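# Chains, contacts and geometry: an overview
For reference, the chains in residue letters:
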Amino acid sequence: MLKSMTGYGRRETVTDGKKILIEIKSVNHRYSDYNIKVQRHLGYMEDRIRKHVSESITRGKVDIYLNVENYETADKEITLNKAIVENYINVLMQLRDEFKLKDDITVTSVARNQDIFLTERIEEDEEQLWNTVKTVLDEALGDFVSMREREGERIEKDLCERIKYMRTLVRKIDERSPQTVKEYSDRLYDKIKDMLEGREIDEGRILTEVAIYADKVAVNEETVRLASHFSEFDNIIGSGEPAGRKLDFLIQEINREVNTIGSKASDIEIAKTVVTLKGEIEKLREQIQNIE
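Summary of the structure given here. Only a predicted model underlies this, so the values are computations on that prediction, with no experimental measurement involved. Note that residues are indexed from 1 along each chain, following the sequence as it is written. For this predicted model, a pLDDT threshold of at least 70 governs which residues receive local features, and a threshold of 80 or more governs which side-chain atom pairs are given and counted, while totals over whole chains, interfaces and linings are taken from all residues. Side-chain metrics in this entry use all non-hydrogen atoms of the structure; hydrogen atoms and water are not considered.

Within the patch definition used here, like charges are joined within 9 Å and nonpolar side chains (Val, Leu, Ile, Met, Phe, Trp, Tyr) within 5 Å, considering only residues with over 30% relative accessible area and no salt bridge. Each accessible area is a Shrake-Rupley estimate made with a 1.4 Å probe; only the visible protein chains count as cover when residues are assessed. A side-chain nitrogen of Lys or Arg and a carboxyl oxygen of Asp or Glu constitute a salt bridge if their distance falls within 4 Å. A grouping of Leu95, Phe99 and Leu101 is seen on the molecular surface, where their side chains present a nonpolar patch of about 300 Å² in accessible area. Its location among the elements puts Leu101 in the loop between α2 (82–98) and α3 (107–111). Secondary structure is summarised from DSSP: a helix means a run of H or I of at least four residues, a strand means a run of E of at least two, and numbering begins at the N terminus for each.

Below you can see the structure in the form of structure tokens.
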């Protein structure tokens, strides 16, 4: 099954006393590009997250957001910088004595100086936290991949319908091509007959001219290769592997064969069919840009 490169997944869970939020979203990109946003103290998880999601995502511009909050217990410890506290109080007392000020040195007044406090993050078991985060990440990733698969299924259906239609157009060219040679032969014969006004016609010369024309406008090699490309399309779709790059290359080959047929075509019906094929190719190309 094909997967789209556009997807979104989100999970928010409270577990082990922690509130964990993970969001994953992606858009089209030629390669795989991961943008991971985590809190500074969780920076060690970036590489782990990248490695973990890359097992499920092979292509696209992927944004991943992780936020972890302690829900039941504090994640920081506040202590006093006693040296600064002592110095600060001594300065206040000196100020009081020298200028004979009212003594209003209290806990509240001293606490206004934020420099006396030291804030330290409580160390956590990184491995245990990662295992907890990974569980939530897998849930968000599951939603994300499911959305990609649903969109990919719609794209696959559209691509298959277009390839089916293109097969009928190529068969139409195959059937029409020999007829154009016969029509050219008939026109050439009638034209020479009118010019000779009853004199004997050189059948050999006409056959030579028709043979040259037939070789010039022959498209059977191109239609055979197109049939092969269409079969390869079926193989790629059915492989179950990421198909975007392969299909992108294949559509270039299909376009090349159709252009060659267009350059050879001297028949209005074949020319119209080629124009229709090119329109379908562009629609295919647009859809393929969305595939992982």
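Pairing between two strands is assigned when DSSP locates at least 2 bridges connecting them. Two elements, strand β3 (residues 32–37) and strand β4 (residues 60–70), share six bridges in a ladder whose sense is parallel. Across the sheet, the residue bridging to Tyr34 is Val62, located in β4. Handedness is read with the strands pointing away from the viewer; a crossover is right-handed when the path from the first strand over the helix to the second is clockwise. Between β3 and its parallel partner β4, the chain crosses via helix α1 (residues 46–53), and the hand of that crossover is left-handed.

To continue, consider the environment of Ile288. Along the chain, Ile288 falls in helix α8 (residues 268–288). Accessibility expressed as a relative area gives 4% for Ile288, which makes it buried. Each C-alpha atom, one on Ile288 and one on Ser4, is 9.0 Å from the other, the two residues being 284 residues apart in sequence. Here a residue-residue contact requires only that any non-hydrogen atoms of the pair lie within 4.5 Å. In this structure Ile288 touches Leu159, Gly244, Leu247, Asp248 and Ile251, once residues within four positions along its chain are discounted. We call a residue buried when its accessible area falls under 20% of the maximum for its residue type, exposed when it is over 50%, and partly exposed in between, using a 1.4 Å probe and counting protein chains only.

Considering all chains together, one arrives at 21 salt bridges under this definition. Close ionic contact of Arg10 with Glu23 constitutes a salt bridge, the shortest N to O distance being 3.0 Å. Residue Arg10 is found in strand β1 (residues 7–15), and its partner Glu23 is found in strand β2 (residues 18–27); the two are separated by 13 residues along the sequence. On the accessibility criterion, Glu23 (26% relative accessible area) is partly exposed. Of the charged contacts in the structure, one is a salt bridge between Arg162 and Asp158, with a shortest N-O distance of 3.1 Å. Residue Arg162 and its partner Asp158 are both found in helix α4 (residues 126–196); the two are separated by four residues, about one turn of the helix.

We now examine the sheet that holds β4. Within the open sheet, the four strands sit side by side as β1-β2-β4-β3. Their pairing is mixed. Of all the strands in the sheet, just β1 and β3 have a single pairing partner and so form its edges. When the angles between neighbouring strand axes are averaged without regard to direction, this sheet yields 10°. Note that β2 and β4 share 10 bridges and pair antiparallel. Directly across from Glu23, in β4, lies its bridge partner Tyr65. Here α1 sits on the sheet and contacts β3 and β4; the angle it forms with β3, its principal contact strand, is near 140°. Interaxial angles span 0 to 180 degrees and are taken between N-to-C directions of axes, which are lines fitted to C-alpha atoms, for helices over the stretch in contact.

Next up on the list: the packing of helix α7 (residues 244–264) against α8. Packing of α7 against α8 brings their axes to within 10 Å, and their N-to-C directions diverge by 165°. Classified by the angle their axes make, α7 and α8 are roughly antiparallel. Regarding α7 and α8, the two cross each other, and that crossing is left-handed. Facing Gly244, Leu247, Asp248, Ile251, Gln252, Ile254, Asn255, Val258, Asn259, Ile261 and Gly262 of α7, the residues of α8 in contact are Ile270, Val274, Leu277, Lys278, Ile281, Leu284, Arg285 and Ile288. Residue polarity follows a fixed list, in which Ala, Val, Leu, Ile, Met, Phe, Trp, Tyr, Cys and Pro are nonpolar, Asp, Glu, Lys and Arg are charged, and the others, Gly among them, are polar. Of the residues contributing to the contact of α7 with α8, the split by class is 11 nonpolar, five polar and three charged. Here the word oblique covers every angle except those under 35 degrees (roughly parallel), over 145 (roughly antiparallel) and from 65 to 115 (roughly perpendicular). Handedness of a helix crossing follows the sense of rotation of the near helix relative to the far helix, less than a right angle counterclockwise being left-handed and clockwise being right-handed.

Moving on, we get to α7. Each α-helix turn comprises 3.6 residues. Residues three or four places apart therefore point the same way. Here α7 spans 31 Å end to end across 21 residues, near enough to the 30 Å set by a 1.5 Å rise per residue. For α7, the complete set of buried residues consists of Gly244, Leu247, Leu250, Ile251, Glu253, Ile254, Asn255, Glu257, Val258 and Ile261. In this scheme, a helix's expected span is set at 1.5 Å multiplied by one less than its residue total.

As a further point, take the side chain of Glu257. Of note, Glu257 is situated in helix α7. On the accessibility criterion, Glu257 (6% relative accessible area) is buried. Discounting residues that sit within four places of it in the chain, Glu257 has contacts with Glu222, Arg225, Leu226 and His229.

Side-chain atoms within 4.5 Å are what join buried Ala, Val, Leu, Ile, Met, Phe, Trp, Tyr and Cys residues into a set we call a nonpolar core. Leu159, Met166, Leu247 and Ile254 are the most contacted members of the largest nonpolar core, which totals 28 residues. Among the secondary structure elements, those contributing two or more residues to this core are α4, α6 (220–238), α7 and α8. Sort the elements by how many residues they give to this core and α4 lands first, with seven residues. Look past the residues within four positions of Leu159 in its chain and what remains in contact with it is Leu2, Phe233, Leu247, Leu284, Gln287, Ile288 and Ile291. One finds Ile22, Leu66, Val133 and Ala140 within the second-largest nonpolar core, a separate group that totals 24 residues.

A few words on the pairing of β2. The sheet contact formed by β1 and β2 spans nine bridges and is antiparallel. Bridge pairing in β2 places Arg10 opposite Glu23. Linking β1 to β2, which pair antiparallel, is a turn of two residues; within it Asp16 sits at a positive phi near 50°.

Turning next to the environment of Asn113. Turning to its location among the elements, Asn113 is positioned in the loop between α3 and β6 (117–121). For the pair formed by Asn113 and Val85, sequence separation is 28 residues and the distance between their alpha carbons is 9.0 Å.

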